[in-house]
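Here's the letter readout for the chains.
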Amino acid sequence: MAGLLEHEVYQYQEEKLQFLHAPEQEPVEDPSVISLRSVNEFITHTAKEIRELYQQWGVMNSLQEQADQLYL
């Protein structure tokens, strides 16, 4: 991956999984209070952040170069 080392990706993944599996992260209220609008806003915002990071890191260029090499 461009911009990140493999072990950094796995380290980040492990941190996030530990966070998500922590009992204190369980909802204390009925999860149905989350609106579809909130979910859509979260997805839109997160996708925008990921696109910006990918552009900074050159991930898309790297993936395109790899794809180009596969089809030579």
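The structure displayed is predicted, hence computed values, not measured ones. (Residues numbered from 1 in each chain as written. Predicted model: local features only at pLDDT ≥ 70, side-chain atom pairs only at ≥ 80, totals over all residues. Heavy atoms only, no water.)

With that settled, the discussion passes to the overall build of the protein chain. Looking only at helices and strands, one finds 3 helices and 0 strands in the protein chain. Order of helices (α) and strands (β) in the protein chain, N terminus to C terminus: α-α-α. If one aligns the C-alpha atoms of the protein chain with their principal axes, the spans along those axes are about 55 × 30 × 20 Å. Across the protein chain, the centroid of the 4 positively charged side chains sits 12 Å from that of the 13 negatively charged ones. (Helix = DSSP H or I, 4+ residues; strand = E, 2+ residues; numbered from the N terminus. Lys, Arg positive; Asp, Glu negative; His and termini not counted. Charge placed at Lys NZ, Arg CZ, Asp CG, Glu CD.)

Parts of the prediction with low pLDDT should not have their coordinates interpreted in detail. This prediction gives the protein chain a mean pLDDT of 85; 96% of its residues lie at or above 70. The secondary structure element of the protein chain with the lowest average pLDDT is helix α3 (residues 59–70), at 83, and the one with the highest is helix α2 (residues 36–57), at 92. (pLDDT = per-residue confidence, 0-100.)

Glancing now at the pattern of salt bridges. According to the stated counting rule, one finds 2 salt bridges in the structure shown. Here arginine 37 ties to glutamate 41 by a salt bridge, and the two come within 3.1 Å at their closest N and O atoms. Separated by 4 residues within a single helix, arginine 37 and glutamate 41 lie in helix α2, roughly one turn from each other. In this structure arginine 37 comes out as exposed when scored by relative accessible area, which is 63%. A salt bridge links glutamate 52 to lysine 48, with the shortest nitrogen-to-oxygen separation between them at 3.4 Å. Taken together, the residues glutamate 52 and lysine 48, both in helix α2 and 4 residues apart, mark about one turn of the helix. What makes glutamate 52 partly exposed here is its relative accessible area of 37%. (Salt bridge = Lys/Arg side-chain N within 4 Å of Asp/Glu carboxyl O. Buried < 20%, exposed > 50% of the residue type's maximum accessible area, 1.4 Å probe, protein only.)

There is a patch of nonpolar side chains on the surface, built from Val33, Ile34, Leu36, Val39, Phe42 and Ile43 and spanning about 620 Å² of accessible area. The topology assignment puts isoleucine 34 in the loop between α1 (6–21) and α2. (Patch = residues over 30% accessible without salt bridge, like charges linked within 9 Å, V, L, I, M, F, W, Y side chains within 5 Å. Areas by Shrake-Rupley, 256 points an atom, 1.4 Å probe, with all protein chains shown as cover.)

This part covers the environment of isoleucine 43. Note on placement: isoleucine 43 falls in helix α2. Classification of isoleucine 43 as partly exposed rests on a relative accessible area of 48%. For the pair isoleucine 43 and aspartate 30, spaced 13 residues apart in sequence, the C-alpha to C-alpha distance is 21 Å.

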